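Structural description and commentary
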Amino acid sequence: MAIEKSSSKYRTQFWYVAMVSFLLWLVLLYLFSSSATTVHTHERLFRQENVINLPINVAKHDQESDQAVLPIDVLKQDKESDQAILPIDVPQRDQESDQAVVSDVDNNTLPVNTGINDTSKEVQISEDAKVVTDLVEELEKEKIEDEKKRRDSGLSGRTTTSRRGHREPRKATRSSSRHEPEKKRVRNNDDDNERNVVNSDENQQSHDKELNYLEPKGDVESKKDRVGNDLSNNDQESDKTLETLPKPKTQRDFALNKTVSKAKNRVTSRRNRPKVMVRPRATRRNDPCRGKYVYMHDVPSLFNEELLKNCWTLSRWTDMCELTSNFGLGPRLPNMEGVSGWFATNQFTLEVIFHNRMKQYKCLTKDSSLASAVYVPYYPGLDLMRFLWGPFPFMRDAAALDLMKWLRERPEWKRMDGRDHFMVAGRTTWDFMRTPENESDWGNRLMILPEIRNMTMLLIESSPWNRHGFAVPYPTYFHPSTNAEILQWQNRMRRIKRRYLFSFVGAPRPNLGDSIRTEIMDQCKASRRKCKLLECVSGSQKCYKPDQIMKFFLSSTFCLQPPGDSYTRRSTFDSILAGCIPVFFHPGSAYAQYIWHLPKDIGKYSVFIPEKNVKEGKASIEKVLSRIPRGKVVAMREEVIRLIPRLMYFNPSGKRGDAGRFEDAFDVAVDGVLQRVEGLRKRIEEGNEDIFEFPEQFSWKYNVFGNVEKHEWDSYFDRH
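Residues numbered from 1 in each chain as written. Predicted model: local features only at pLDDT ≥ 70, side-chain atom pairs only at ≥ 80, totals over all residues. Heavy atoms only, no water.

1. Some details on the overall build of the protein chain
Within the protein chain, the secondary structure is distributed over 26 helices and 11 strands. In the protein chain, buried positions account for 50% of the 720 residues. Here the protein chain has roughly 36600 Å² of accessible surface; of this, 51% comes from carbon and sulfur atoms. (Helix = DSSP H or I, 4+ residues; strand = E, 2+ residues; numbered from the N terminus. Buried < 20%, exposed > 50% of the residue type's maximum accessible area, 1.4 Å probe, protein only. Areas by Shrake-Rupley, 256 points an atom, 1.4 Å probe, with all protein chains shown as cover.)

2. Digging into the pairing of strand E7 (residues 500-506)
Burial of E7 is extensive: 7 of the 7 residues sit out of reach of the surface. The sheet contact formed by E7 and strand E9 (residues 556-561) spans 3 bridges and is parallel. Note that in E9 the partner of tyrosine 500 across the bridge is serine 556. Relative to strand E8 (residues 531-535), E7 runs parallel, the two sharing 5 bridges. (Pairing = 2+ DSSP bridges.)

3. Considering the packing of aromatic side chains
Here the distance between the centres and the angle between the planes together describe a pair of aromatic rings. A full pass over the atoms with the stated rule returns 23 aromatic pairs. Aromatic pair tyrosine 361 and phenylalanine 666: ring centres 6.1 Å apart, planes at 75°, arrangement edge-to-face. Residue tyrosine 361 is located in the loop between helix H14 (350-359) and strand E2 (364-365), and its partner phenylalanine 666 is located in helix H25 (residues 665-685); the two are separated by 305 residues in the primary sequence. Residue tyrosine 361 shares its accessibility class with phenylalanine 666, and that shared class is buried. For the pair phenylalanine 470 and tryptophan 596, a centre-to-centre distance of 4.9 Å together with 10° between the ring planes defines the contact as stacked. Of this pair, phenylalanine 470 sits in strand E6 (residues 469-471) while tryptophan 596 sits in the loop between strand E10 (581-584) and strand E11 (607-608), placing them 126 residues apart in sequence. Across this residue pair, the class does not change: phenylalanine 470 and tryptophan 596 are buried. What links up through ring pairs into an aromatic cluster is the set Tyr567, Phe584, Tyr591, Phe608, Trp700, Phe705, Trp713, Tyr716 and Phe717. (Phe/Tyr/Trp six-rings, centres within 6.5 Å; stacked < 30°, edge-to-face > 60°.)

4. Re the sheet that holds strand E3 (residues 373-375)
With parallel pairing, the 6 strands of this open sheet are ordered in space as E2-E1-E3-E4-E5-E6. Of all the strands in the sheet, just E2 and E6 have a single pairing partner and so form its edges. Where strand E5 (residues 456-461) and E6 come together, 3 bridges link them in parallel fashion. The residue bridging leucine 459 from the neighbouring strand is alanine 471, located in E6. Helix-sheet contacts for H25 involve strand E1 (294-296), E3, strand E4 (421-428), E5 and E6, and the interaxial angle to E5 is about 145°. (Contact = heavy atoms within 4.5 Å. Axes fitted to C-alpha atoms, helices over the stretch in contact; angles between N-to-C directions.)

5. So, the nonpolar core
The nonpolar side chains of a soluble globular protein tend to be buried, and buried together. By size, the foremost hydrophobic cluster in this structure holds 75 residues, and its most contacted members are Phe354, Met358, Leu458 and Phe558. The element contributing the most residues to this core is H25, with 8 residues. Of all hydrophobic cores here, the second largest spans 24 residues; its members include Ala399, Trp406, Leu407 and Leu446. (Core = buried A, V, L, I, M, F, W, Y, C linked by side-chain atoms within 4.5 Å.)

6. A few points about the pattern of salt bridges
Tallied over the entire structure, the rule returns 20 salt bridges. Across the salt bridge formed by arginine 419 and aspartate 417, the nearest N and O atoms sit 4.0 Å from each other. The residues arginine 419 and aspartate 417 share a single accessibility class, namely buried. For arginine 570, the salt bridge goes to aspartate 574, with nearest N and O atoms at 3.4 Å. Both residues of the pair, arginine 570 and aspartate 574, belong to the buried class. Through salt bridges with shared partners, one network takes in Arg357, Asp664 and Asp667. (Salt bridge = Lys/Arg side-chain N within 4 Å of Asp/Glu carboxyl O.)

7. Section: H14
Counting buried positions along H14 gives 9 out of 10 residues, so the element sits mostly inside the fold. Among all positions of H14, only Leu350, Glu351, Val352, Ile353, Phe354, His355, Asn356, Arg357 and Met358 are buried.

8. What to know about the pairing of E10
Going residue by residue along E10, you find Ile581 and Val583 tucked away on one face and Pro582 and Phe584 tucked away on the opposite face as well. As defined by bridge partners, E9 adjoins E10 across 4 bridges and the pair is classed as parallel. Paired with phenylalanine 558 across the two strands is isoleucine 581, which belongs to E10. Summarising the sheet, E10 and E11 pair through 2 bridges and their orientation is parallel. Residue pairing in the sheet places valine 583 in a bridge with valine 607 of E11.

9. Considering the side chain of serine 555
Positionally, serine 555 belongs in the loop between helix H20 (546-554) and E9. In terms of polar contacts, serine 555 uses its side chain to reach the backbone carbonyl oxygen of phenylalanine 552, at 2.9 Å. Among all residues touching serine 555, those that are not within four sequence positions of it are Arg498, Arg499, Tyr500 and Lys532. (Polar contact = N/O pair within 3.5 Å; in protein donor to acceptor, adjacent residues only side chain to side chain.)

10. Quick look at the side chain of arginine 408
Looking at where arginine 408 falls in the secondary structure, it is placed in helix H16 (residues 395-408). Reaching out from arginine 408, the side chain makes a polar contact with the side chain of glutamate 451 at a distance of 2.8 Å.

11. Remarks on a nonpolar patch on the surface
Judged by side-chain polarity, Phe22, Leu23, Trp25, Leu26 and Leu29 come together as a nonpolar surface patch covering roughly 500 Å² of accessible area. Exposure remark for leucine 26: the relative accessible area of 36% places this residue in the partly exposed category. (Patch = residues over 30% accessible without salt bridge, like charges linked within 9 Å, V, L, I, M, F, W, Y side chains within 5 Å.)

12. Comments concerning the packing of helix H15 (residues 380-387) against H16
Where H15 meets H16, the closest approach of the two axes is 8 Å, and the angle between their N-to-C directions is 150°. Overall, the two elements H15 and H16 adopt an arrangement that is roughly antiparallel. In this structure, H15 meets H16 at a crossing whose hand is right-handed. Here H15 contributes Asp383, Leu384 and Phe387 to the contact with H16, which in turn contributes Met395, Arg396, Ala399 and Ala400. Partitioned by chemical class, the residues of the contact of H15 with H16 number 5 nonpolar, no polar and 2 charged. (Parallel < 35°, antiparallel > 145°, perpendicular 65-115°, else oblique. Left-handed = near helix turned anticlockwise from the far one by under 90°. Nonpolar A, V, L, I, M, F, W, Y, C, P; charged D, E, K, R; others polar.)

13. Regarding the environment of valine 614
Relative to the helices and strands, valine 614 resides in helix H22 (residues 611-615). Relative accessible area serves as the criterion here: at 2%, valine 614 is assigned to the buried category. Each C-alpha atom of the pair valine 614 and glutamine 523 lies 9.6 Å from the other, and the pair is 91 residues apart in sequence. Residues in contact with valine 614, not counting those within four places in the same chain, are Ile516, Glu519, Ile520, Gln523, Phe585, Ile609 and Ala619.

14. Side note on the environment of tyrosine 702
Locating tyrosine 702 in the fold gives a position in helix H26 (residues 699-705). Tyrosine 702 sits in the partly exposed class, given a relative accessible area of 24%. Between the alpha carbons of tyrosine 702 and arginine 467 there is a distance of 9.8 Å; along the sequence they are 235 residues apart. Residues in contact with tyrosine 702, not counting those within four places in the same chain, are Glu693, Phe694, Asn707 and Val708.

15. Here we look at H16
With 14 residues, H16 ought to run about 20 Å at 1.5 Å a step, and its terminal C-alpha atoms sit 21 Å apart, in line with that. A large share of H16 lies buried, amounting to 10 of its 14 residues. Buried within H16 are the following residues: Arg396, Asp397, Ala399, Ala400, Leu401, Leu403, Met404, Trp406, Leu407 and Arg408. (Expected span 1.5 Å × (residues − 1).)

16. Some words on the sheet that holds E8
Here we have 5 strands laid out as an open sheet, ordered E8-E7-E9-E10-E11, and parallel in their pairing. Either end of the sheet is taken by a strand with one partner, and the two such strands are E8 and E11. Its contacts with the sheet place helix H19 (residues 517-526) against E7, E8 and E9, and it is angled at close to 130° to E8.

Rendered as structure tokens:
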């Protein structure tokens with residue numbers, strides 16, 4: 001009896017568990033499907049050419065307003081071709097009508113209301129439609145230029161009296177090689193030709209001003225629909241009127257082949273150009289923050305504060321709650337060399353440190369109209385860390401996509417389409433460059449989102465082939481609260497005795513075929529008296545103790561910094577903090593990365609040994625370093641010590657009395673962002689076709705040297 005009751009009890013419990021499991025499975029399935037739908041919907045929207053569309057409000061919905069907005073498409077040959085292309089009469093545009101169209105633009109509203117057929121559907125312009133539109137525009141310009149040439153040739157035959165100032169009735173003169181019927185028609189319709197000439201001038205001006213940015217999308221699509229009729233009608237008219245020109249079909253094919261590359265370039269240029277550009281409001285001339293004001297978005301807490309509150313979800317193996325304490329600096333450490341200000345700082349907490357430093361920025365403003373740049377306090381690295389090893393890769397993109405949607409709705413974004421915005425990510429750029437086709441790959445797609453490509457991204461390592469990413473120093477263990485602590489540490493680094501010529505702290509990379517770490521470690525072992533090696537093998541704890549690492553660097557004159565899993569290393573900044581001269585083997589480890597923080601003259605503070613020479617056994621590190629004169633070594637060490645304040649981050653809670661004496665890595669980064677945004681703003685105001693002066697694959701070269709000419713480092717960054 002007891003056995004039967006026990007069995008019945010277990011069966012009941014089993015069914016309860018089964019039912020709960022089934023319901024939980026249904027909930028997870030629903031969440032998975034809804035999240036996947038949301039992500040793919042966002043991705044489909046982001047793949048459109050113009051993600052952020054300029055809102056246009058049409059005040060009037062009658063025939064006059066429609067005609068006022070619609071631009072003159074092409075120069076008409078006669079009244080018949082006009083009717084074939086446009087079923088309505090397009091009124092002559094003057095300055096007042098142009099102003100009326102521009103004044104209809106409202107930067108504070110998102111929807112596009114046209115009032116046609118009482119519908120409010122948003123028309124998505126695909127890339128093909130944009131290319132077709134550009135092709136039409138190129139053909140129109142060619143026709144206008146031909147017409148102007150014919151007019152100029154006719155005007156050159158005017159009489160002397162006409163050249164002296166006597167104004168004759170203006171006629172659209174034709175070439176003498178025209179058909180006789182056409183000449184008769186020209187003589188009989190002087191007034192019509194006069195209107196055609198005026199319309200052609202205005203049409204040219206409308207294209208020069210690129211009013212297509214202010215057209216409703218419906219007009220652009222209707223222009224696309226009229227392309228076939230436009231070309232065919234003009235071809236027929238050209239057959240009747242022109243002998244000297246090639247056949248219309250041949251001319252059209254040639255024009256298409258000739259302008260397709262230009263059209264594609266213009267598509268890219270227009271994608272890079274903002275539709276609206278508003279300068280910050282000017283302040284008094286003696287304002288110390290003039291041109292330096294930064295506005296910080298008040299983003300929803302789920303993008304920053306809630307990540308810290310739920311810090312236990314950030315990592316499976318590391319206690320991120322402890323490492324994100326003290327404003328992101330981590331737990332305090334004992335004084336080192338008699339100097340305070342040391343913390344066990346994790347290398348991936350930069351975005352938290354930067355956010356807290358921004359709160360103390362002297363030119364932070366709550367008035368966005370004064371701001372020269374806008375800071376977005378999002379923690380993309382910590383957000384990614386939650387799902388980096390999870391079973392649902394699409395969840396890595398969810399928060400980033402939500403943030404982009406939130407930003408697009410802000411009035412600050414519409415001033416320059418986000419080109420004055422910047423964000424900080426405490427990871428390398430490779431963690432944010434997963435392609436949409438490979439959702440199971442590492443990282444997320446943050447860096448390739450169209451909105452982010454408009455912004456300035458600050459990362460601990462940037463891509464050499466990327467325009468919008470800029471590298472800032474890794475956070476080190478030293479975060480002084482006062483300038484006195486900096487001076488005390490610098491003086492200590494000048495007096496310390498260094499026993500070893502060079503040292504290396506790191507692990508081998510046997511799985512990376514082009515890694516030179518094995519060769520470096522072999523050379524260091526061969527130079528036991530002059531090299532100190534700390535091999536970070538499995539089970540070794542010394543490589544994770546800040547005091548042990550700093551002791552190695554403090555005892556060495558040179559510190560080897562070869563690439564690891566990526567170009568850069570945190571060890572570079574730890575060694576400079578210790579007054580140790582860095583030795584680089586790849587220009588991407590520092591020279592092409594930290595362009596705002598490190599001197600242009602690389603020989604003043606570092607040594608460069610090509611990694612190829614080390615890999616092939618052609619270079620002995622000991623011999624290269626031993627040949628450097630002692631006087632130069634002293635000068636290089638002094639330069640390294642002078643760089644220490646620029647490569648570390650002050651304690652956000654510190655109160656510096658003389659705040660302007662030293663600039664830390666935060667101050668240098670903000671100045672770099674302000675200068676970059678101002679440069680983009682000037683190029684936009686100058687009306688440049690393309691905001692950038694260089695191809696994106698040569699970003700590293702332009703940032704370092706200011707040009708894209710051939711250089712000896714090209715082989716290091718050749719992706720082919």
